[in-house]
Structures are given as C-alpha cells and as structure tokens.
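An overview of the molecular structure
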Amino acid sequence: MIDVKNFSIKKAQEMIKRREISASEMVSACLDNISKKNKDINAYLEVFEDALENAKKIDNEKGFDRPLFGIPFAIKDNILIKGKIASAGSKILENYHATYDASVIKKLRNSGAIFLGRTNMDEFAMGSSTENSAFGSTKNIYDKERVAGGSSGGSAISVAMDGALAALGSDTGGSIRQPASFCGVVGLKPTFGSVSRSGLIAMASSFDQIGPITKTVEDTEIVFNVIKGKDKFDSTSVNGHSVSNSGETPSVLKIGILKYDKNGVDKDIDKIVDDTAKILLRLGHDIKETELPHIEYSLSCYYIIQPAEVSANLARFDGVKYGLFKKGENLLDDYMETRAQGFGKETRRRIMLGTFVLSSGYYDAYYGKAQKVRALIRNDFKKAFEKFDAIISPVAPTPAFKIGEKTNDPLQMYLSDIFTVSANIAGIPAISVPAGFVERENKKLPVGVQFMAPWFKEKILFYLGKQIENYGS
Amino acid sequence: MEIDIDKLALLARIKLDSKEKKSLQKEFEDILNYVSKLKETDIKDIDEKEAGKTIEFENVMREDENPHKAGEFSKDLLKEAPSIEKNFIKVKRILE
C-alpha cells in the first residue's frame, strides 16, 4: 500500500497524472491510516462511506490534469457538503444535513478532489484547542496529552497523521494558523474577501475566512489558487488577486520582525522566530524590527467585536427552521430551552458577552470603541507595509498545551490567540509555516512561525514560506 | 461592575442555571477588565466610515429576475425542520 507520509499534493498529482498510482489507491491509504489512528486521536467526526466509491468514479473519468484530481481532503465540520451532516461541533446541529454545497466545496469537487470526512472543531469555531467540541477534543499526535490547537484542530491533525493530503479549515482569530503550528503543518488565512464564505456556518462574519491546511507551502498555494476568487453567493468576496499579484515578487524582500512583549511568550518560541529571521537574513533579505503601536490592543478589540457578531449570527438557531428543538411551555420557553441545551458552555458565554457589549448603555463604550480601534490597527499595518513587504512573528506564545490546562480560565484560552487575531482584525493574509521543534516533558513539539503580508499579497507568503521550508534541505 | 446576567440571558434567549450565572458574573469581570485596555487608545481622529473596515467593499447589485423554480428546494429544507405540517414549518401560536 501507498505510504501517505511520502506524498504531497504536488507529488500525488504528478503520479496520478502519469497513472502510476490511482485516486482509489491514495484514498484507500488515507482511510487505512484513519481507521488505525482516529479512534485515539478524534480528528474525524465522520468518515464518509462514499469516499472510496467517489475515488473509483474519478479513476474512470477524464481530466487527469485538473489541479486536485484524486486528492483526498478532510473538511472542517462547519463547511457544507450537500447531503452530509455539518454540525459545527455543536449538539444544536448534530443531525443537520447540509442542503447545498459550500462554494469552496463546489470548486474542490470541480478540480477533482475527494472528500474523506468531516473534522472535529471547537463548537462554532470558538476556541483554541477543540476542547469546546460537543464531541470530545482532538488529541495531538506529538503528545496525546496535549491539544491539537483550534478551532480547526481536527483538520490540522487529519493532515499531520496522514489521514488526508489536505484539509480545509476556517480562521476567525487564528483557527487555521494556531493548530497548524501545534501540529507541524502549513496553514493559511487568506485575505478577507479572497475566498467565498458561502456555505461556511457563520461565526463572526467580519473576520471569518476559509483556508487550506497542507504539508507543504506549495500545496497550500495549489489549494488556495483553486478556492480563491469572487463568488456571486458571497457579496463580500472580491477579485483582489488579479491586480495585486501581477508582476514578479522581488527576490530580496524587506521584512519586519514584529516587536512584542516577551513576557508570556516561551523563550524557545522567541528563539525559533529569531532563528527564522537569521535564515532570512542569510538568504539576503533586509530584516529590521518593526513596531505596530496599536497591536497590543488587538486581543481586546477582537474579544469585543467577535462575541458581538457571534450573538447576532447564532440568533438563527431557534429550534424552528433546523437543528435541535427542545419543547418549552410557550414559544419564548422553546427558544430558551433549545438554546440552553443545544449550545455548549463557551458558546453560551460568547453569546452572553456579545449581547452585553451590544446592549443599550454599553454599545458605545465597548462595540463602538472597538470598531474604531480596529481602524487604528488597520492603519498600523498600512503604514508598516509602506516600509516592509512582510512581517514575521510567533504564531502562538507556546507550543501545544495540555488538555484541560486552560479550560477553566476563558481569558487564558483567549490569550493564546494574541499573535494571530491582528491579521483577522486588519483583513490581511497570514501563514503559519513549520519552523522547528521545542521540547516539553521529553516530547518534541512542532512550532510554526507566522508571516503576514499586505492585502491580497499571498504570493509573498508562499515565496517566504517555501524559502524557510527548503532551507537546509 | 454589576452585570444584569438575568436580563442578558433573556435577551440572548438562553436559559441559565444559577451556578452558570454566578460563574459568568466572575468571568465577565475578568474579560471586561482585560478589554478595558482599549480606553487608553485615542480614537478621536477616526472617521465613522473607517470604523470596522477590513477591505474596500462595493455594493453588489443584481436584477431581480430568473427566480428558481417554485418548490425546488422545499423538500430538502423541510426535511431539516423539527416540526412540519404539509409544506409548512409548524410553530407555536404567537398571538393570543
């Protein structure tokens, strides 16, 4: 049988094209790994029964040169695939079947991708560890006592454990990049508006973006090029890339190292960022420290606006149109019961927090203020990108933490997003690329670094990511 | 700061038990204390139109034409509803 470990999308595609391997062989190999590993790890909530059948169908089709022909994908449980359950990690949608395909799913399907199953996540993508999933947390393959990160922890581990060649995740405050860093894979949060969100179960709509998780930067680029672009079903999607990605990326770039408060960041994480900067310097890039004066307010800004949007978006779960219904004494009681029993603790907390910051008397002090601070942070990036082509920073202040370590302290859990949220606040693209390992309790844990680039300049992220990936190999 | 958790729970349409209400009171204090950092920022020069913006958006308009076939999606959608009668979603009476 094929050893999935040895395959990137790129390599699998080339071999499938030459008919040296078939899509069904590739899918069988992934399914085999899933059946061996998933019971312990809980990366997949469901493996689709029709995956192998679909691979066989593909093997009889023409169009071997399609970019994802026969490539097995894992899909985060908040992205709709028609006819399949999409639960968003929540009891309230446990038995909900999607009635249409998300636009990204249509695009992957048309490119020849095969969907293996849906992956575990924090409920409604709120969380940094998958511990908020209603269906149990996902464990990290590097240390089973540690989290996979989140919210796209299942997607990141599905790729890391060779249970798929690629996965889709969603990133609202770091939910693709942080698990990618914790699991030793590549994760991209694209520019806001560059990938359609039609068919993504909405969490905080001014931040949410769908993006790829893969083993290599080149693979992330391949998937991104398939899923990007304006879509008539998402009026916030735009065609930003045709303009800003024309022309060559200069081979020598000006890169800013983000100046940040070293307190609360593990020393060996700092070192990995420094080492990465040194490699870039050796490769001839121009490196300087850069200060973004308002970036320290990112997390505060995020944890006001995000719950506010959550409280509005999740108002649709009322036990009437779809999902769980719990009977009460009257209509109001129906809502109160359904939502009390359908939503998990963190979801209830964020809806409550969002309701508070939007409530009369507090709106200006919290939500209104945060929206303006958001503009300050965006302006900081605008100014920084007049001087720099990219900015480098940690992805998270620590490697994967212990299961249960932060579950009783929501603020501590929120702090693990401190380096990732600013890209969502400003709408810029950012990538997590594996950059080394740190040791905790005799276990080696992977750590990524984050590159951020100007709006629609994903190309720069791919260029730098590949350089780091190839350095020394 | 004393937060009226009962009122918020009603606004949010979520029934909470007293233990959760108590822990939310405490957690809100921590979280709101942390986010109050925003008070340090100077936002007087920020234009209302710039607030909350990520990328430049345009209005997206289309002609109101070519509707889908009546009932085309009804069967699939109704299958997901907790309670239906014929081709309708059934809800409790809202008028006394």
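Details of the structure are given in the entry above.
Owing to the predicted nature of the structure, the values given are computational and were not obtained by experimental measurement.

Cut-offs and rules
- Residues numbered from 1 in each chain as written.
- Chains lettered and ligands numbered in written order.
- Predicted model: local features only at pLDDT ≥ 70, side-chain atom pairs only at ≥ 80, totals over all residues.
- Heavy atoms only, no water.
- Salt bridge = Lys/Arg side-chain N within 4 Å of Asp/Glu carboxyl O.
- Buried < 20%, exposed > 50% of the residue type's maximum accessible area, 1.4 Å probe, protein only.
- Helix = DSSP H or I, 4+ residues; strand = E, 2+ residues; numbered from the N terminus.
- Contact = heavy atoms within 4.5 Å.
- Buried area = accessible area lost by both parts, 1.4 Å probe.
- Polar contact = N/O pair within 3.5 Å; in protein donor to acceptor, adjacent residues only side chain to side chain.
- Patch = residues over 30% accessible without salt bridge, like charges linked within 9 Å, V, L, I, M, F, W, Y side chains within 5 Å.
- Areas by Shrake-Rupley, 256 points an atom, 1.4 Å probe, with all protein chains shown as cover.
- Phe/Tyr/Trp six-rings, centres within 6.5 Å; stacked < 30°, edge-to-face > 60°.

**Some points on the pattern of salt bridges**
Under the criterion given, the structure shown has 40 salt bridges over all chains. As a salt-bridge pair, A:R146 and A:D143 come within 3.1 Å of each other at their nearest N and O atoms. Residue class for A:R146 comes out buried when judged on its relative accessible area of 7%. Overall, the relative accessible area of 4% leaves A:D143 in the buried class. Its salt-bridge partner being B:E20, residue A:R348 comes within 2.8 Å of it at the nearest N-O pair. With A:R348 in helix α12 (residues 345–358) and B:E20 in helix α2 (residues 18–35), the pair connects residues from two separate chains. Since its relative accessible area comes to 14%, A:R348 is described here as buried. The network of salt bridges with common partners includes A:D143, A:R146, A:K402, A:E441 and A:K443.

**Some words on the interface of chain A and chain B**
At the junction of the two partners, chain A supplies 72 residues and chain B supplies 48 residues. Between chain A and chain B the total buried area reaches about 5,200 Å² when both faces are included, carbon and sulfur atoms providing 70% of it. The closest approach of N and O atoms between B:E27 and A:R349, which form a salt bridge, is 2.7 Å. The interface formed by chain A and chain B includes 14 residue pairs in polar contact (both at pLDDT 80 or more). Every element with two or more residues in the side of chain A that touches chain B is listed here: α10 (298–313), α11 (331–342), α12, α13 (364–387), α14 (410–415) and α15 (421–426) of chain A. In terms of residue count, α13(A) provides more of the side of chain A that touches chain B than any other element does, 11 residues in total.

**With respect to a nonpolar patch on the surface**
Residues B:I84, B:I89 and B:V91 make up a contiguous nonpolar surface patch of about 240 Å² in total accessible area. Assignment of secondary structure puts B:I89 in strand β2 (residues 88–89).

**Here we look at the packing of aromatic side chains**
All names here are of chain A. One pass over the structure, following the stated rule, counts 20 aromatic pairs over all chains. Aromatic side chains Y260 and F419 sit 5.0 Å apart centroid to centroid with 80° between the ring planes, which places their arrangement in the edge-to-face category. Taken together, the positions of Y260 in the loop between β9 (254–258) and α9 (267–282) and F419 in the loop between α14 and α15 put the pair 159 residues apart, joining distant regions of the chain. A ring pair is formed by F385 and W455, whose centres lie 6.4 Å apart and whose planes are at 80°; its orientation type is edge-to-face. Of this pair, F385 sits in helix α13 while W455 sits in the loop between β13 (443–452) and α16 (458–470); the two residues are 70 residues apart in sequence, bridging distant segments of the chain. Its relative accessible area of 13% is what places F385 among the buried residues.

By themselves these figures say nothing about function.
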